[in-house]
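Letter by letter, the chains look like this.
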Amino acid sequence: MTNRSAVTNGAKLLVGIDMRSPTARRYRDLVRANEAEIGKELSEAEKGLVKQAAALTLQAEQMQADIVNGKPVDSDVLIRISGTAKRLIAEIADRAGKRKLAPVETLQDYAAATEGDR
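Residues numbered from 1 in each chain as written. Predicted model: local features only at pLDDT ≥ 70, side-chain atom pairs only at ≥ 80, totals over all residues. Heavy atoms only, no water.

Asks: Would you mind going over the overall build of the protein with me for this structure?
Replies: Across its full length, the protein holds five helices and zero strands. Along the protein, from the amino end to the carboxyl end, the secondary structure elements read α-α-α-α-α. Residue pairs at least 24 apart in sequence account for 55% of intrachain contacts in the protein once pairs closer than 6 positions are excluded. Total accessible area on the protein is roughly 8800 Å²; 53% of this is exposed by carbon and sulfur atoms. (Helix = DSSP H or I, 4+ residues; strand = E, 2+ residues; numbered from the N terminus. Contact = heavy atoms within 4.5 Å. Areas by Shrake-Rupley, 256 points an atom, 1.4 Å probe, with all protein chains shown as cover.)

Asks: Would you mind going over the pattern of salt bridges with me for this structure?
Replies: Opposite charge on two side chains allows them to pair when their charged atoms are near. For the coordinates displayed, the defined rule picks out three salt bridges. Here Glu 44 and Lys 47 are joined by a salt bridge, their closest N and O atoms 3.8 Å apart. Taken together, the residues span about one helical turn, with Glu 44 and Lys 47 both in helix 3 (residues 44-68) at a distance of three residues. Residue classification places Glu 44 among the partly exposed positions, given a relative accessible area of 48%. Lys 71 is the partner of Asp 66 in a salt bridge, and the nearest nitrogen-oxygen pair spans 4.0 Å. For Asp 66, a relative accessible area of 27% translates into the label partly exposed. (Salt bridge = Lys/Arg side-chain N within 4 Å of Asp/Glu carboxyl O. Buried < 20%, exposed > 50% of the residue type's maximum accessible area, 1.4 Å probe, protein only.)

Asks: Would you mind going over the packing of helix 3 against helix 4 (residues 75-98) with me for this structure?
Replies: Packed helix pairs are characterised by how far apart their axes lie and by the angle those axes make with each other. Between helix 3 and helix 4, whose axes approach to 9 Å, the crossing angle comes to 155 degrees. One way to sum up the angle between helix 3 and helix 4 is to call them roughly antiparallel. With respect to the hand of their crossing, helix 3 and helix 4 are arranged in left-handed fashion. Note on element contacts: helix 4 touches helix 3 through Val 77, Leu 78, Ile 81, Ser 82, Thr 84, Ala 85, Leu 88, Ile 89, Ile 92, Arg 95 and Ala 96, opposite Glu 46, Leu 49, Val 50, Gln 52, Ala 53, Leu 56, Thr 57, Gln 59, Ala 60, Met 63, Gln 64 and Ile 67. Residues belonging to the contact of helix 3 with helix 4 are distributed by class as follows: 15 nonpolar, six polar and two charged. (Axes fitted to C-alpha atoms, helices over the stretch in contact; angles between N-to-C directions. Parallel < 35°, antiparallel > 145°, perpendicular 65-115°, else oblique. Left-handed = near helix turned anticlockwise from the far one by under 90°. Nonpolar A, V, L, I, M, F, W, Y, C, P; charged D, E, K, R; others polar.)

Asks: Would you explain the side chain of Asn 34 in this entry?
Replies: Secondary-structure assignment places Asn 34 in helix 2 (residues 22-38). A residue is classified by how much of its surface remains accessible, and Asn 34, at 13% relative accessible area, is buried. What Asn 34 contacts, discounting residues up to four positions off in sequence, is Val 50, Ala 54 and Ile 89.

Asks: For this particular structure, what's the right way to read helix 3?
Replies: Every α-helix winds through 3.6 residues per turn, so residues three or four apart in the chain are directed the same way. Its 25 residues give helix 3 an end-to-end C-alpha distance of 36 Å, which sits within 8% of 36 Å, the value for a rise of 1.5 Å per residue. All buried positions along helix 3 are accounted for by Glu 46, Leu 49, Val 50, Lys 51, Ala 53, Ala 54, Leu 56, Leu 58, Ala 60 and Met 63. With its phi angle positive at about 80 degrees, Gly 70 sits one or two positions after the end of helix 3. (Expected span 1.5 Å × (residues − 1).)

Asks: How do you make sense of the confidence of the model for the protein when you look at a structure like this?
Replies: The predicted structure's coordinates, where accompanied by low pLDDT, should not be read in detail. The predicted model of the protein averages 84 in pLDDT, with 82% of residues at 70 or higher. Averaged over each element, pLDDT in the protein is lowest for helix 1 (residues 6-9) (62) and highest for helix 3 (94). (pLDDT = per-residue confidence, 0-100.)

Asks: Help me out: how do you make sense of the nonpolar core in this one?
Replies: The nonpolar side chains of soluble globular proteins are, as a tendency, buried together. In this structure, Tyr 27, Val 31, Ile 38, Leu 42, Val 50 and Ile 92 are the most contacted members of the largest nonpolar core, which totals 23 residues. Sorting the residues of this core by element identifies helix 2, helix 3 and helix 4 as the ones contributing at least two each. (Core = buried A, V, L, I, M, F, W, Y, C linked by side-chain atoms within 4.5 Å.)

Structural data, given as structure tokens:
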């Protein structure tokens, strides 16, 4: 398809956002790290949830920085944000893990199959 958006094509994470700022780079790193940790090919819906979890994690990190800098932070909000991000990632990993993957051939299977070719 040639008329897909840059977000769908994977060229951009968000529409209209310059991803060069420190916050945007951290967001991108969180998205990529979460996707890598899940380790499966994600659906578009799952990719959206990963982005949501990354945004929540980023917000929690910013609140933690505020705590370190002596600024007041609502602890309940921080706990809810962190818990929601954790649950989102766990749900995505669970969904992705339940999809059937093609069986992986072991070295022993390959050797047994090619033994007659000698």
